[in-house]
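Listed below, chain by chain, are the residues.
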Amino acid sequence: LHSAAARKRARERARGAPAAGQAESSRVAKQSKKVQAAILKLRIDARGVQLLVPTSAESLLNGLLTRRTSPEPLPSEMEKYGQCAYSGLPARYRDPLTGMRYGSLEAFKQLRSEHAPCVTLTASQ
């Protein structure tokens, strides 16, 4: 017990009274419950980024944020990949040899048969 502050803490512990730090932490805990109600949350998922605003904080942010009522729809497979020239299906796959897109195994076979190198065999005598 070298310092005056250490002696004061020891006396408060002996009496059973809460230390100054404990009283302050309980006051901060009460305030933090009020503050938690006004905390903005950011949610990131496959649909994008959303800012979640609690109702208690809406009046504080009124006019600063625009409200979007519904998320933008995700693009269809046809918009995302394009259309296969052979099958008419969404062209989800890409041929590494030619770089062309295709939508099914049959379309891939047809694509490779059209772009296969022509080999001519000649009879040798």
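*Asks:* Report on the environment of alanine 46, specifying residues and quantitative values.
*Replies:* The topology assignment puts alanine 46 in the loop between strand S1 (41-45) and strand S2 (48-52). As for alanine 46 and leucine 74, which are separated by 28 residues in sequence, their C-alpha atoms are 9.7 Å apart.

*Asks:* Before we move on, could you go through the confidence of the model for the protein and cite the residues and values that matter?
*Replies:* In this model, the protein carries an average pLDDT of 76, and 62% of its residues clear a pLDDT of 70 or more. Mean pLDDT per element in the protein: helix H2 (residues 20-36) is the minimum at 55, and strand S3 (residues 93-94) is the maximum at 95.

*Asks:* Let's hear about the packing of aromatic side chains: which residues, and what values?
*Replies:* Taken as a whole and judged by the stated rule, the model has 2 aromatic pairs. Measuring from ring centre to ring centre gives 5.7 Å for tyrosine 93 and tyrosine 102, while their planes differ by 35°; the resulting arrangement is tilted. Take tyrosine 102: its relative accessible area is 12%, and that puts it in the buried class. Pairing tyrosine 102 with phenylalanine 108 gives two aromatic rings, centres 5.0 Å apart and planes at 40°, and the pair type is tilted. Accessibility expressed as a relative area gives 22% for phenylalanine 108, which makes it partly exposed. One aromatic cluster is present, formed by Tyr93, Tyr102 and Phe108 through successive ring pairs.

*Asks:* Please set out the side chain of aspartate 95 residue by residue, giving values where relevant.
*Replies:* You can see aspartate 95 is positioned in the loop between S3 and strand S4 (101-102). In terms of polar contacts, aspartate 95 uses its side chain to reach the backbone amide nitrogen of leucine 97, at 3.2 Å. Those residues in contact with aspartate 95 that lie beyond four places of it in its chain are Met100, Tyr102, Phe108, Leu111 and Arg112.

*Asks:* Before we move on, could you go through the nonpolar core and cite the residues and values that matter?
*Replies:* Within the largest apolar cluster, 5 residues are counted, these being Cys84, Ala91, Tyr102, Ala107 and Leu111. With residues near it in sequence (within four places) discarded, cysteine 84 still touches Leu89, Ala91, Tyr102, Gly103 and Ala107.

*Asks:* Requested: an account of the pairing of S1, with residues and values cited.
*Replies:* The element S1 is largely exposed, with a buried count of 0 among its 5 residues. As defined by bridge partners, S1 adjoins S2 across 5 bridges and the pair is classed as antiparallel. Its bridge partner being in S2, aspartate 45 is matched across the sheet by glycine 48. The antiparallel pairing of S1 with S2 creates a hairpin that spans 2 residues between the two strands.

*Asks:* Give me the side chain of serine 104: which residues, what numbers.
*Replies:* Position of serine 104 relative to the elements: it lies in the loop between S4 and helix H5 (105-114). Here serine 104 is in contact with Ser87 and Leu89, once residues within four sequence places are set aside.

*Asks:* Requested: an account of the environment of arginine 112, with residues and values cited.
*Replies:* Here arginine 112 shows up in helix H5. Separated by 14 residues in sequence, arginine 112 and threonine 98 place their C-alpha atoms 8.5 Å apart. Each residue touching arginine 112, except ones within four places of it in the same chain, is listed here: Asp95, Pro96 and Leu97.

What counts, and where the lines are drawn
- Residues numbered from 1 in each chain as written.
- Predicted model: local features only at pLDDT ≥ 70, side-chain atom pairs only at ≥ 80, totals over all residues.
- Heavy atoms only, no water.
- Helix = DSSP H or I, 4+ residues; strand = E, 2+ residues; numbered from the N terminus.
- pLDDT = per-residue confidence, 0-100.
- Phe/Tyr/Trp six-rings, centres within 6.5 Å; stacked < 30°, edge-to-face > 60°.
- Buried < 20%, exposed > 50% of the residue type's maximum accessible area, 1.4 Å probe, protein only.
- Polar contact = N/O pair within 3.5 Å; in protein donor to acceptor, adjacent residues only side chain to side chain.
- Contact = heavy atoms within 4.5 Å.
- Core = buried A, V, L, I, M, F, W, Y, C linked by side-chain atoms within 4.5 Å.
- Pairing = 2+ DSSP bridges.

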